[in-house]
Amino acid sequence: MSKVFSGDKNLLDFLKPFERFIFKTCSINPLQEMNWKQYLIAMAVINSVWLVYGFIILMAQGKLFLNPAGNPSMEWSLAFNSAISFITSTNLQHYSGESGATYFSQLFVFMFLQFVSAATSLAVGVAVVRGLVSKTSTSLGNFYSDFLLSLTRILVPISIVVALLFMFIGVPMTMQGPQHITSLQGDSITIAMGPVAAFLPIKELGANGGGFFGANDAHPFENPNFFSFIIHSIIVFLLPMAFLFFIGYYLKEKKFAWMLFTVMTMGLLFVTIPIIHEEIKGNPMVTKMGVNNTGNMEGKEVRYGSFFTGFYAGENTSIPAGTMVGVHDSFAPLSGFFMLFAMNVDAFFGGLGTGWINMFVFLIITVFIGGLMIGRTAEIFGKKIGIKEVQITASVTVLLSLIPFALAALACFVFVNYPGGNDSLQWLSNKGSHGFTTMLYEYISATAGNGSEFSGIGNNTVFWNLTTCIAMLAGRFIPIAGAVWIAGLLIEKQYIPPSHGTLKTNNSTFGLFLISVIFILNILSLLPSMMLGPLAEHFLIK
């Protein structure tokens, strides 16, 4: 990655003629330097084009080809929600994969959008890293060049290799329609098929998470055995982890990269270990009934049990790919607490590029506070952090905390005041504190770009389709705009060599300070809602 985005020679340079052909066809000059405003405008324009494209195809999918199952076109609000969901790398699915989308939509809308959304995330992440280099400039690179290189040099080659691995272990790769068989009991069963092996790699590598089937990674065609489970678990970590070391190589600050890696790993363990503990401990209400409790197996895939399902939940709410091998609605209340915390932070490795962007926001806050504590102007890599940068950072942090809670409050208001309540709305399968957690989870997941859900909610309605669109768009583009803006301001500043009084950002002391700031900020914003939701439910069943 460092060689690719630095312009150094690498093994995939044979693709240069193909890349030049694409640029020439699209009348793009990849050498044209862009400031932060031009970079953001280019990203926004091209993403808007894909959004319109995806929306139109989903509205018309029932009348197009590659539809052997005869699936209908999507209703407008669902099509709009689904297009935004995949363009923002959230992959919140208010439809069931095998019955809600055609093969054409799966390949040329959802898989395509998973590639371009991941490439957008990686390109923007690279631009923010460029803002930290020691030189003084106005350029953050060229979005189109970064975007295409992300696809041709990183995402597509690895996806091809992983797709072949999936095919060899039994994941279907066919254009045949659903298979109709008769079971040993004499029941008639319809088995959905499709080009699944091609679809899966980018959903994990790009931290996307959308399932080809409604059951996601619990489906035996997406995850046929424990070897496929291992592949899923590794590749979802692969590029977010690699990006940290790319930062170290690109900035020639390997200690800083190791510090970030340690902080993110500590955060990941903090959320994953308690989830595993809660799930293998089992349900206390079942234990009181005298039943042999071998873990909380409700809603779990039997092949993986409570331990590995808990691990997968912690991993995929931290990344945040949002893939699932169990129903999160059936997890223990405290498991829900830690999943919500991981998604609210959205920086414990996080998505490809975007995890770094969220961590970058926390870095600016931590460096600013640290500078105040030692009585010096805050600096990061020799660039002074001024009032403007702090204002942008504070605005991003407040908005990302406010939006999901405001939307959850609106949902609660509608739920309570709608004539007939839940009997008319048919939103929640569980009311009370669990129902509140279910609605809050939907919005925090959408804002964090995670896309997982409690599944105990009837969310394919105009209300949920449109309000989650607000959360997804805000959660995706507010931090991107803020981070690129800050990077553009920093790269224009004069480099100041570090002195003995400079706050070092590459040691363990700063790492502990950084993770403390992350925990304090997120616990303060989450705690009131957690008291109404998962914590209240935990004490009710304890």
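The preceding data block contains the structure.
Since this is a predicted model, take the numbers as computed values, not measurements. (Residues numbered from 1 in each chain as written. Predicted model: local features only at pLDDT ≥ 70, side-chain atom pairs only at ≥ 80, totals over all residues. Heavy atoms only, no water.)

Digging into the pairing of strand S1 (residues 179-182)
Part 1 of the argument: Of the pairings in the sheet, the one linking S1 to strand S2 (residues 188-191) comprises 4 bridges and is antiparallel in character. Of the residues in S2, the one forming a bridge with His180 is Thr190.
Part 2 of the argument: Between S1 and the antiparallel strand that follows it, S2, lie 5 residues; Gly186 among them carries a positive phi value of about 90°. (Pairing = 2+ DSSP bridges. Helix = DSSP H or I, 4+ residues; strand = E, 2+ residues; numbered from the N terminus.)

Things to note about helix H10 (residues 254-281)
Part 1 of the argument: The end-to-end C-alpha distance of H10 is 40 Å, a good match for the 40 Å that 28 residues give at a rise of 1.5 Å each.
Part 2 of the argument: Backbone geometry just downstream of H10 places Gly282 in the positive-phi region, at approximately 90°. (Expected span 1.5 Å × (residues − 1).)

Focus: the environment of Ser134
Part 1 of the argument: Residue placement: Ser134 occurs in the loop between helix H6 (103-130) and helix H7 (143-168).
Part 2 of the argument: In this structure the C-alpha to C-alpha distance between Ser134 and Trp76, which are 58 residues apart in sequence, comes to 49 Å.
Part 3 of the argument: What Ser134 contacts, discounting residues up to four positions off in sequence, is Lys383 and Tyr495. (Contact = heavy atoms within 4.5 Å.)

As for the packing of helix H12 (residues 305-318) against helix H13 (residues 333-345)
Part 1 of the argument: Across the interface, H12 lies against H13 with an axial gap of 8 Å and an inter-helix angle of 25°. In terms of orientation, H12 lies roughly parallel with respect to H13. The crossing of H12 and H13 is right-handed. Seen from H12, the contacting residues are Ala313, Thr317 and Ser318; seen from H13, they are Met339, Ala342 and Met343.
Part 2 of the argument: In the contact of H12 with H13, the residues fall into 4 nonpolar, 2 polar and no charged. (Axes fitted to C-alpha atoms, helices over the stretch in contact; angles between N-to-C directions. Parallel < 35°, antiparallel > 145°, perpendicular 65-115°, else oblique. Left-handed = near helix turned anticlockwise from the far one by under 90°. Nonpolar A, V, L, I, M, F, W, Y, C, P; charged D, E, K, R; others polar.)

Topic: a nonpolar patch on the surface
Part 1 of the argument: Together, Leu165, Phe226, Phe227, Ile230, Ile234, Ile280, Phe307 and Phe308 give the surface a local cluster of nonpolar side chains, amounting to about 690 Å² of exposed area.
Part 2 of the argument: Where the nonpolar patch is concerned, the elements lending two or more residues are helix H9 (226-251) and H12.
Part 3 of the argument: Tallying contributions element by element places H9 first for the nonpolar patch, with 4 residues.
Part 4 of the argument: With respect to the helices, strands and loops of the structure, Ile234 is situated in helix H9. (Patch = residues over 30% accessible without salt bridge, like charges linked within 9 Å, V, L, I, M, F, W, Y side chains within 5 Å. Areas by Shrake-Rupley, 256 points an atom, 1.4 Å probe, with all protein chains shown as cover. Salt bridge = Lys/Arg side-chain N within 4 Å of Asp/Glu carboxyl O.)

Focus: the packing of aromatic side chains
Part 1 of the argument: Taken as a whole and judged by the stated rule, the model has 46 aromatic pairs.
Part 2 of the argument: Consider the rings of Phe245 and Trp258, whose centres lie 5.1 Å apart with planes at 75°: the pair is edge-to-face. With Phe245 in helix H9 and Trp258 in helix H10, this residue pair connects regions lying 13 residues apart in the sequence.
Part 3 of the argument: Judged by its relative accessible area of 48%, Trp258 falls in the partly exposed class.
Part 4 of the argument: Ring centres of Tyr443 and Trp464 lie 5.0 Å apart, and the angle between their planes is 25°; this geometry places the pair in the stacked category. In this pair, Tyr443 sits in helix H17 (residues 432-447) while Trp464 sits in helix H18 (residues 462-491), placing the two residues 21 residues apart along the sequence.
Part 5 of the argument: On the accessibility criterion, Trp464 (0% relative accessible area) is buried.
Part 6 of the argument: One aromatic cluster is present, built from ring pairs that chain together Tyr39, Trp50, Tyr53, Phe112, Phe143, Tyr144 and Phe147. (Phe/Tyr/Trp six-rings, centres within 6.5 Å; stacked < 30°, edge-to-face > 60°. Buried < 20%, exposed > 50% of the residue type's maximum accessible area, 1.4 Å probe, protein only.)

Looking at the side chain of Arg476
Part 1 of the argument: Considering the arrangement of structural elements, one finds Arg476 in helix H18.
Part 2 of the argument: It is Asp346 that comes nearest to the buried, bridge-free Arg476 among opposite-charge side chains, at 8.7 Å.
Part 3 of the argument: A polar side-chain atom of Arg476 sits 2.9 Å from the main-chain carbonyl oxygen of Ser117.
Part 4 of the argument: Those residues in contact with Arg476 that sit more than four places away from it in its chain are Ile87, Thr88, Ser89, Ser117, Thr120, Ser121, Thr354 and Thr447. (Lys, Arg positive; Asp, Glu negative; His and termini not counted. Polar contact = N/O pair within 3.5 Å; in protein donor to acceptor, adjacent residues only side chain to side chain.)

Some points on the nonpolar core
Considering soluble globular proteins, one finds that nonpolar side chains tend to be buried as a cluster.
Part 1 of the argument: With 160 residues, the main nonpolar core has Leu260, Trp356 and Leu514 as its most contacted residues.
Part 2 of the argument: The dominant element in this core, judged by the number of residues it contributes, is H6, at 18 residues.
Part 3 of the argument: In contact with Trp356, other than residues within four places in its own chain, are Gly125, Val128, Val129, Leu132, Phe243, Ile247, Phe256, Leu260, Phe349 and Leu363. (Core = buried A, V, L, I, M, F, W, Y, C linked by side-chain atoms within 4.5 Å.)

Quick word on the state of the cysteines
Part 1 of the argument: A full pass over the atoms with the stated rule returns 0 disulfides.
Part 2 of the argument: A disulfide-free cysteine, Cys469 has its sulfur positioned 20 Å from the sulfur of Cys412, the nearest such atom.
Part 3 of the argument: Its relative accessible area of 4% is what places Cys469 among the buried residues. (Disulfide = S-S within 2.5 Å.)

So, the side chain of Thr366
Part 1 of the argument: Following the sequence through the fold, Thr366 ends up in helix H14 (residues 354-374).
Part 2 of the argument: Setting aside chain neighbours within four positions, we find Thr366 in contact with Phe510, Phe513, Leu514 and Val517.

What about the environment of Asp329?
Part 1 of the argument: Tracing the sequence through the fold places Asp329 in the loop between H12 and H13.
Part 2 of the argument: Sequence spacing of Asp329 and Gly456 is 127 residues, and the spatial spacing of their C-alpha atoms is 5.9 Å.
Part 3 of the argument: Excluding its chain neighbours within four sequence positions, the residues that come into contact with Asp329 are Ser429, Asn430, His434, Thr438, Phe454, Ser455 and Gly456.

With respect to the pattern of salt bridges
Between side chains of opposite charge, a pair can form as their charged atoms come close.
Part 1 of the argument: Enumeration over the complete set of coordinates arrives at 9 salt bridges.
Part 2 of the argument: The residue Glu19 makes a salt bridge to Arg153 at a minimum N-O spacing of 2.7 Å. Of the two residues, Glu19 is situated in helix H2 (residues 16-25) and Arg153 in helix H7; the sequence distance between them amounts to 134 residues.
Part 3 of the argument: The partner of Lys300 in a salt bridge is Glu279, and the shortest N-O contact between them spans 2.8 Å.

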